[in-house]
Amino acid sequence: MALQSSRIARLNFEFINKIMARKKIIKTHYKAKPGRRVRQSAKLSAGKKKRGRPAKRKTRVIKAKRGRPSKPRKPTFAKIRIQAPRGVHDILPEEQKYWDKIRTIVSQVAISYGFKRIDVPVFEDINLFIKGTGQTTDIVQKEMYTFKTKGGEHFALRPEFTPGIVRAYIEHGMKNLPQPVKLYTLGPVFRHNKPQAGRYRQFYQFNFEIIGDANPVSDVQTIQVFIAILKKLNLKKFTFYINSIGCPLCVPQYKKVLVSYYRQHLSKLCFDCERRFKENPLRLLDCKKEKCKRLANKSPQILDLLCEECHNHFKEVLELLDELEIPYILDPQLVRGLDYYTRTVFEIWEEKGDALGSLLGGGRYDNLVEMFKGKSTPAVGAAAGIERIIASLKKQDIKISEKEKPKIFLIQLGELGKRRGLKLFEEFQSKGIKIGEAFSKPSIKSQLKIADKEGAQLTLILGQREVLEDNIIIRDMTSGAQETVALERVFQEIKKRLKK
Ligand code: HAM
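Residues numbered from 1 in each chain as written. Predicted model: local features only at pLDDT ≥ 70, side-chain atom pairs only at ≥ 80, totals over all residues. Heavy atoms only, no water.

**Re the pairing of strand β12 (residues 360-364)**
Along any regular strand, the residues point their side chains to alternate faces of the sheet. With 5 of its 5 residues buried, β12 lies for the most part within the structure. As judged from the 5 bridges shared by strand β11 (residues 342-349) and β12, these two strands associate in the antiparallel manner. Within β12, the residue paired with T342 across the bridge is R364. (Buried < 20%, exposed > 50% of the residue type's maximum accessible area, 1.4 Å probe, protein only. Helix = DSSP H or I, 4+ residues; strand = E, 2+ residues; numbered from the N terminus. Pairing = 2+ DSSP bridges.)

**Side note on helix α17 (residues 490-499)**
What α17 keeps buried is the set V490, F491, E493, I494 and R497. Along the axis of α17, the buried residues cluster in a sector spanning 160 degrees; they form a single face. Of the exposed residues in α17, those oriented more than 90 degrees away from the buried face are K495 and K499. Here the buried face of α17 lies against β14 (408-412), α14 (414-430), β16 (458-462), β17 (471-476) and β18 (482-486). (Arc of directions from axis to C-beta. Contact = heavy atoms within 4.5 Å.)

**As for the site of the ligand**
Residues in close proximity to the ligand total 26 residues, the closest being E160, Y200, Y341, S358 and L359. Contact distances for the ligand include 2.8 Å between an oxygen atom and a side-chain N or O atom of S358. G385 is positioned with one of its backbone polar atoms (N or O) 3.1 Å from an oxygen atom of the ligand. When the ligand is considered free in solution it has 650 Å² of accessible area, and contact with the protein chains removes 96% of it. Looking at the shell around the ligand, the elements that each hand over two or more residues are β8 (202-211), β12 and β13 (379-385). Tallied by class, residues from the shell around the ligand come to 10 nonpolar, 10 polar and 6 charged. (Near = heavy atom within 4 Å. Polar contact = N/O pair within 3.5 Å; in protein donor to acceptor, adjacent residues only side chain to side chain. Areas by Shrake-Rupley, 256 points an atom, 1.4 Å probe, with all protein chains shown as cover. Nonpolar A, V, L, I, M, F, W, Y, C, P; charged D, E, K, R; others polar.)

Read these as geometric descriptors, not functional statements.
Structure (structure tokens):
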């Protein structure tokens, strides 16, 4: 019995030791306050244990260290380097003036040409783009960001706006509205292509569509809208290229002629063009590789093979452009990289063939609505890449003015000054008067420095004394002259001074 109880005691002792050892690990994160009694470390008590009997628990007193109490240690974190994914970019505050300007001009032009804003989802059913943008396009074959949800749905981030807008047109019964329906949008689109200058994986487009009109006037109005935007942005150097790629009546005939031409040169084609030859021979004309471009330049031209309707349609488009004195270059190799186009196609480049790529592109797509089970509805549209337009504005050294900065700056001093200042700032806001501030800066020197940097004409200085006396100091930043005025007269005084 006695033997048994001593074994149990030893087992208990070992168990306690294990726990103590574990606790020691935990204790390394915990510092006892000086003066407190703490249990001696497990290691110590384990080393001095006596045979048979469990060692007595020993305690030691933590002595207060001399001098200052040690500061609590700062927690340390494992550092992870995080960067934006390749091919995407931030739009920093100093860049925003370009974006604001473009957004403003796009919406102004849209209103004056009778377009209404639409916003479509960033992701849609993958089939919308496979069918809409086209199975044989680079966008669908190589560039789409796709994902499956937990529920098994297959989605894609929009690589362009047109299929989404057409879906919305059908889904919301816009065919019942007076035709054509003129829509515009602006936002990010996503394409997984090789990042390089002017080529991003997330980039922004503004996009205009006229749905429900086959008349060449709509082709020309779409072109007019984009040219109006570029002109309002003061972009000086750009060239407009145009072509017609016919309709399902004349294209098959042209494709036959094209295929027989390229069959003689198959060995000279690049890898992608070998695929295009089988899948979509029209796209052979669109290849950017030098050896393929040389072949395209000598290829038969679609303009010679257009059916009568397409020929007349295109003729009228060109006549209207002449009427409007919009200069253009006829480009028989221009076919565009998307499958839905019919008849008119066009692009605007700063300089054809430069690394930046086209500034914008579009065309007519008379069969897309019908393809999505809508009734036959002709349409035309285009989209511009905002990053490329900004790059072009910078390249052509076109200055975009900053938003007008406030002419008045509020300086507050001390607790009272800050509290009354916050209220006064709100009074300025409700009167619609722009006023600068630096509430987080306590000193007059640092606040004056900011006011000066922001180009303020007048500063209003509100200290403890001014608050108690219901006054405010108005300082002219150019002359340095200061005057104390009654707080209730501050708005009149400012108006008077700014008028001078
Ligand atoms: P898209 O030619 O594919 O047409 O693109 C239009 C514009 O988007 C290009 O001209 C270019 O400025 C810009 N862009 C294209 N890819 C990139 C990229 N990786 N990085 C930066 N900018 C880029 C369309 O998207 C059609 N949905 C246009 C349309 C509307 N057609 C009829 N309606």
